[in-house]
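Structure assessment
Below are the chains, spelled out letter by letter.
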Amino acid sequence: MIFLAKKFPLYVLALFLLVFTGYPFLYMVATSLKTQEEFFKAPFSIITSISFDNYFSVLEMGLTQYFVNSILVSVISVVTVVFISALASYPLSRMRFRLNRTLFLIFIAGMMLPIHSTLIPTFMLTQKMEIYDTMLALIGPYIAFSIPISIFILTQFMQEIPQALEDAAKIDGCTHFGVFWRVILPMMGPALSTVFIYNLIHLWTEFIFALVLITSPEKMTLPLGLQNFYGEFSVNVPGLMAALTLASLPVLLVYFISQEKVVKGLAGGAVKE
Amino acid sequence: MQKELQIDAKPQVKVGTSVKVKRNQWNKLLTISLFVAPAFIIYAIYVIYPIFATFNYSLHEWNSMQSEKTFIGFANYVELFNDQIFWTALKNNFLVVFISVFVQIPLGLVMALMLFAPIRGIKLFNTIYFMPFLMSTVAIGLLWVFMFDPINGTMNQLLRMLGVEKWQVAWLSEESTAMWSVLLVIVWQFAPFYMILFKAGIVGIPEELYEAAQIDGANKWKQFTHITFPLLMPTIVSSSILAIVGSLKTFDLFYIMTGGGPNNATELMGTYMFKQAFQIFDMGYASTIAFMMFFIAFIVVAIIQVMETQRRKKGGYL
């Protein structure tokens, strides 16, 4: 009994935090399974009836298109950014040259930059290049703004690869690119997956650039599409909740499948082992 | 692939060593440029150039995209410093910074400590606690708009259940509560992130320290204040830096939930800039706000850097 009494406050706190973090998800999913009538009658009941109608109707109303767009834009951007950041990280972390430190700092400084201070020129540039309101408009800024954190993480990992391996490869006749491609990259698996996950989740949820550079509904990414939904169907709460649940599902699913990797990826450069 | 090697391998009888060194150096420079170029070019187009362009625009009167820009020097900045809304926005931005550092981070620490508490179900807690950070900010904003709904929303329902109907408020549409409501959501979203950082920090503390402390008769609280907390100081410092820099950039949640309203009560530099640029189309003035955002972030980071260097010189965290 004394034992239990001692732990009681701990359990209360743990449960309080559980409700605080978890309840909104419960509310979202529970509401998404209701019909409109049920929602207005009993907005807080956890389970009334389970119907997936809302899910099918939001998918038909354009959510599928948003999904496709988001997948396309974020995957293309992430693959590109991982590759070009790895390329740039190689000389930055493993070669001595005069502007090395300066160049590194210029790249890293991008992490603190408010996106707003680049918004208007990017908007103008996109219009001049005549790619405004296309997927292409998003890919450029997405890549550019993912470069700083990617280089920051990748250079840290690359520095730790022993010089001896590189020297051995060079004696065997490898050029710098050969060393990079055959020696360095194969050893960067964990770092590359960290960078990949970090950027993928951040671009999957990116909003400002999409808001400024995309206007037609059929080209919208998921976050922008959700906001658009809200404007059009603000009365249909269960429908909107179904859309929110669907939109959150991919990241949550990946998280449930490989929790460790996602957590490590999201903590990015902040957690080193 | 073999190109570089061939150049080196050529018997260079007549060529002097200085030429060879020069050629080698030129080769090295070329290699470096080729490696860095793809990233640098994109970065220059979408990050470096826009900052200069924003500054240039901010020196112009430029009221719509069709009209011509007229150079007006620093007149926009004078206007900005006399703009009450800008000061409100700046104040709100710093309120977000303050709440992030003094609420989110401590809550993140508490959540991380819970994950090491001697209770059952840790795995479940761990999984659920982290979930808010995985949702997109737009989805979070929309979800909480309905949680704060005056009639059907959870918050007011909770108050009704507790029998304090009088306290029911239209959370997001009243000036006195809107800011705090959004701040609650920010805490909800980001506390899990700091939890993860602290969790990693706590795992890194050697078990022997606690064993030794127990032998010396230190209770849990003493163990926390004398071992856990001091050893987590590096994590606290880096979390605070992330929180400060991140908070100055905040936009999505406020844009979705309140749009800066009611009556500018939740205006941030970001939302104000967005309104000026893409709703009123006063591009010159919007660029001025945008450049101030850059400038403020720059100053804050510079201050942090100086403090970090000072701290390193002293060699300690406390």
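Since this is a predicted model, take the numbers as computed values, not measurements.

A separate point is the overall build of chain A. Along chain A, the regular secondary structure elements total 13 helices and zero strands. For a compact globule of 273 residues, the expected C-alpha radius of gyration is about 19 Å, and chain A comes in at 23 Å, more than 25% above that figure. Across its three principal directions, the C-alpha atoms of chain A cover 75 × 70 × 30 Å. Classification of the 273 residues of chain A by burial places 58% in the buried group. For chain A, restricting intrachain contacts to residue pairs at least 6 apart in sequence, the fraction spanning at least 24 positions comes to 74%. As displayed, chain A has an accessible area near 12,300 Å², and 69% of this comes from carbon and sulfur atoms. Separation of charge centres in chain A, based on 15 positive and 15 negative side chains, amounts to 14 Å.

Let's shift gears to the UniProt feature "transmembrane region" (unreviewed entry) in chain A. Here, the residues flagged by UniProt with the feature "transmembrane region" (unreviewed entry) are residues 12-30, 66-90, 102-123, 135-154 and 235-257 of chain A. Span residues 235-257 of chain A is 91% helix and 0% strand, its end C-alpha atoms 35 Å apart.

Residues and elements named next belong to chain B. Interhelical geometry of helix H4 (residues 84-114) versus helix H10 (residues 220-249) gives an angle of 145° and a closest axis separation of 9 Å. Remark: the crossing between H4 and H10 carries right-handed chirality. From H4, Asn-93, Phe-94, Val-96, Val-97, Ser-100, Val-101, Ile-105, Leu-109 and Leu-113 reach across to H10, where they touch Phe-224, Thr-228, Phe-229, Leu-232, Ser-239, Ser-240, Ala-243, Ile-244, Ser-247 and Leu-248. Residues of the contact of H4 with H10, tallied by class, amount to 13 nonpolar, six polar and no charged.

Feature annotation in UniProt places "transmembrane region" (unreviewed entry) on residues 29-52, 94-116, 128-148, 178-197, 229-248 and 283-304 of chain B, given in this structure's numbering. The span residues 128-148 of chain B is 67% helix and 0% strand, and its two end C-alpha atoms sit 22 Å from each other.

Below, the discussion takes up the nonpolar core. Generally speaking, nonpolar side chains in soluble globular proteins are found buried as a group. Leu-63 and Ile-120 of chain A together with Tyr-129 of chain B are the most contacted members of the largest nonpolar core, which has 196 residues in total. Structurally, this core is a two-domain feature, drawing no fewer than three residues from each of domain 1 (3-58) and domain 2 (83-314) of chain B. Those residues in contact with Ile-120 of chain A that sit more than four places away from it in its chain are Tyr-57, Trp-62, Met-273, Ala-277, Phe-278, Met-283, Ala-286 and Ser-287 of chain B.

Our focus in this paragraph is the domain arrangement of chain B. All names here are of chain B. Here chain B is described as being made up of domain 1 (3-58) and domain 2 (83-314). Look at where the C-alpha atoms of domain 1 and domain 2 centre, and you get two points 42 Å apart. Domain 1 puts five residues into the contact, and the matching count from domain 2 is six residues. Taken together, the two surfaces of domain 1 and domain 2 that pack against each other cover about 460 Å², and 80% of this comes from carbon and sulfur. On the domain 1 side of the interface with domain 2, the three residues burying the most area are Ile-51, Thr-54 and Ser-58, jointly 68% of the side's total.

Quick look at the interface of chain B and chain A now. Taken together, the contact pairs 86 residues of chain B with 88 residues of chain A. Here chain B and chain A share an interface that buries about 8,100 Å² over both sides, 81% of which is from carbon and sulfur atoms. Summed over the shared surface of chain B and chain A, the number is zero salt bridges. Counting every contact that joins chain B to chain A gives 13 residue pairs in polar contact (both at pLDDT 80 or more). When residues of the side of chain B that touches chain A are assigned to their parent elements, the largest contribution, 20 residues, is made by helix H2 (residues 17-58) of chain B. Looking at the side of chain B that touches chain A residue by residue, the class counts come to 69 nonpolar, twelve polar and five charged.

Attention now moves to the layout of surface pockets. Of the voids in this model, the second largest pocket is the one considered here, and its volume is about 930 Å³. In terms of lining residues, the second largest pocket is bounded by 23 residues, among which Leu-113, Phe-116, Ala-117, Pro-118 and Lys-220 of chain B are the most central. At the level of secondary structure, the elements contributing two or more residues to the lining of the second largest pocket comprise helix H1 (2-32) of chain A together with H4, helix H8 (175-203), helix H9 (207-215) and H10 of chain B. By residue class, the composition of the lining of the second largest pocket is 15 nonpolar, three polar and five charged.

Turning to the pattern of salt bridges, a few remarks are in order. Proximity of charged atoms lets side chains of opposite charge pair with each other. All names here are of chain B. Applying the stated criterion to the full structure yields four salt bridges over all chains. Close ionic contact of Lys-275 with Glu-267 constitutes a salt bridge, the shortest N to O distance being 2.7 Å. What makes Lys-275 partly exposed here is its relative accessible area of 22%. Between Glu-308 and Arg-311 there is a salt bridge, with the nearest N and O atoms lying 2.7 Å from each other. Of this pair, Glu-308 and Arg-311 are both found in helix H13 (residues 283-314), three residues apart, which corresponds to roughly one turn of the helix.

Looking now at the packing of aromatic side chains. Aromatic ring pairs are defined here through the distance separating the ring centres and the angle between the ring planes. With the rule as written, the count across this model stands at 45 aromatic pairs over all chains. Here the aromatic rings of Phe-177 of chain A and Phe-35 of chain B are separated by 6.3 Å at their centres, their planes lie at 35°, and the arrangement is tilted. You can see Phe-177 of chain A sitting in helix H8 (residues 176-187) and its partner Phe-35 of chain B sitting in helix H2, one on each of two chains. Residue classification places Phe-177 of chain A among the partly exposed residues on the basis of a relative accessible area of 41%. A network of ring pairs unites the aromatic residues Phe-123, Tyr-132 and Phe-207 of chain A together with Phe-251, Tyr-255, Phe-274 and Phe-278 of chain B as a single cluster. Between the NZ or CZ atom of Lys-69 of chain B and the centre of the ring of Trp-62 of chain B, over which it lies, the distance is 4.3 Å.

In this section: empty space enclosed by the protein. Tallied over the entire structure, the rule returns two cavities of 30 Å³ or more. In this structure, the largest cavity encloses a volume near 70 Å³. Lining the largest cavity are Trp-204, Thr-205, Leu-222, Pro-223, Leu-226, Ala-247, Ser-248 and Val-251 of chain A together with Leu-134, Met-135, Ser-136 and Ala-139 of chain B. Of all the secondary-structure elements, those providing two or more residues to the lining of the largest cavity are helix H11 (222-232) and helix H12 (237-257) of chain A. A breakdown of the residues in the lining of the largest cavity according to their chemical character gives nine nonpolar, three polar and no charged. Considered as a void within the structure, the second largest cavity measures approximately 40 Å³ in volume. Every residue lining the second largest cavity is listed: Ser-70, Val-73, Ser-74, Tyr-142, Leu-203, Trp-204, Glu-206, Thr-221 and Pro-223 of chain A. Where the lining of the second largest cavity is concerned, the elements lending two or more residues are helix H3 (53-94) and helix H9 (189-204) of chain A. Among the elements that line the lining of the second largest cavity, the one with the most residues is H3 of chain A, at three residues. Tallied by class, the residues present in the lining of the second largest cavity amount to five nonpolar, three polar and one charged.

For the pair helix H5 (residues 116-128) of chain A and helix H12 (residues 269-278) of chain B, interaxial distance at closest approach is 10 Å and the crossing angle is 15°. By the angle between their axes, H5 of chain A is roughly parallel relative to H12 of chain B. Read as a crossing pair, H5 of chain A and H12 of chain B show a hand that is right-handed. Residues His-116, Leu-119, Ile-120 and Phe-123 of chain A of H5 of chain A pack against Gly-270, Met-273, Ala-277 and Phe-278 of chain B of H12 of chain B. Grouping the amino acids of the contact of H5 of chain A with H12 of chain B by side-chain chemistry returns six nonpolar, two polar and no charged.

Quick notes on the rules
- Per chain, the residues get numbers from 1 upward, laid out in the order the sequence is written.
- Here chains are named by letter from A upward and ligands by number from 1 upward, in the order in which they appear as written.
- pLDDT decides what is reported in this predicted model: residues at 70 or higher carry local features, side-chain atom pairs at 80 or more are listed and counted, and totals for whole chains, interfaces and linings draw on all residues regardless.
- The side-chain quantities take in all heavy atoms of the structure and omit both hydrogens and water.
- Secondary structure elements are taken from DSSP: a helix is a run of H or I of four residues or more, a strand is a run of E of two residues or more, and numbering for both begins at the N terminus.
- Computation of the radius of gyration draws on C-alpha atoms alone. For the globule rule, the value is 2.2 Å times the number of residues to the power 0.38.
- Working definition: with a 1.4 Å probe on protein chains only, accessible area under 20% of the residue-type maximum means buried, over 50% means exposed, and in between means partly exposed.
- Contact between two residues is taken to exist if any of their heavy atoms lie within 4.5 Å; hydrogens are not considered.
- Accessible areas in this description were obtained via Shrake-Rupley with a 1.4 Å probe; residue shielding takes into account the shown protein chains only.
- Residues scored as positive are Lys and Arg, those scored as negative are Asp and Glu, and His as well as the terminal groups of each chain are ignored.
- By convention, the charge on Lys lies at NZ, on Arg at CZ, on Asp at CG and on Glu at CD.
- UniProt positions are given in the numbering used here, feature names are shortened, and annotations may be inferred rather than shown by experiment.
- Fitting a line to C-alpha atoms yields each axis, with helices limited to the stretch in contact; the angle taken between N-to-C directions then spans 0 to 180 degrees.
- By definition, turning the near helix anticlockwise from the far helix through less than a right angle yields a left-handed crossing, and turning it clockwise yields a right-handed one.
- Under the scheme applied, nonpolar residues are Ala, Val, Leu, Ile, Met, Phe, Trp, Tyr, Cys and Pro; charged residues are Asp, Glu, Lys and Arg; polar residues are all the others, including Gly.
- What makes a nonpolar core is a set of buried Ala, Val, Leu, Ile, Met, Phe, Trp, Tyr and Cys residues whose side-chain atoms join them at distances within 4.5 Å.
- These domain limits were set by an automatic method or by a database of domain assignments.
- Summed over both partners, buried area is the accessible surface (1.4 Å probe) that two parts give up on being assembled.
- Any Lys or Arg side-chain nitrogen found within 4 Å of a carboxyl oxygen on Asp or Glu counts as a salt bridge.
- Under this definition, polar contacts are N or O atom pairs within 3.5 Å; protein pairs additionally need one hydrogen-donor-capable and one acceptor-capable atom, and for neighbouring residues in sequence, both atoms have to be side-chain atoms.
- Cavities and pockets are found on a 1 Å grid laid over the protein atoms alone: a cavity is a set of points where a 1.4 Å probe fits but cannot escape, a pocket is an open set with protein on both sides within 12 Å along at least five of seven lines, and a lining residue has an atom within 4 Å of such a point.
- Grid points are joined across faces, edges and corners, and a volume is the space filled by probe spheres set on the points.
- Any two rings among Phe, Tyr and Trp, with Trp reduced to its six-membered ring, count as a pair given centres within 6.5 Å; such a pair is stacked if its planes are under 30 degrees apart, edge-to-face if over 60, and tilted if neither.
- Comment: the charge-over-ring label is applied if NZ (Lys) or CZ (Arg) is within 6 Å of the ring centre and within 35 degrees of the ring normal.
- Comment on the angle field: the value is read as roughly parallel under 35 degrees, roughly antiparallel over 145, roughly perpendicular from 65 to 115, and oblique elsewhere.

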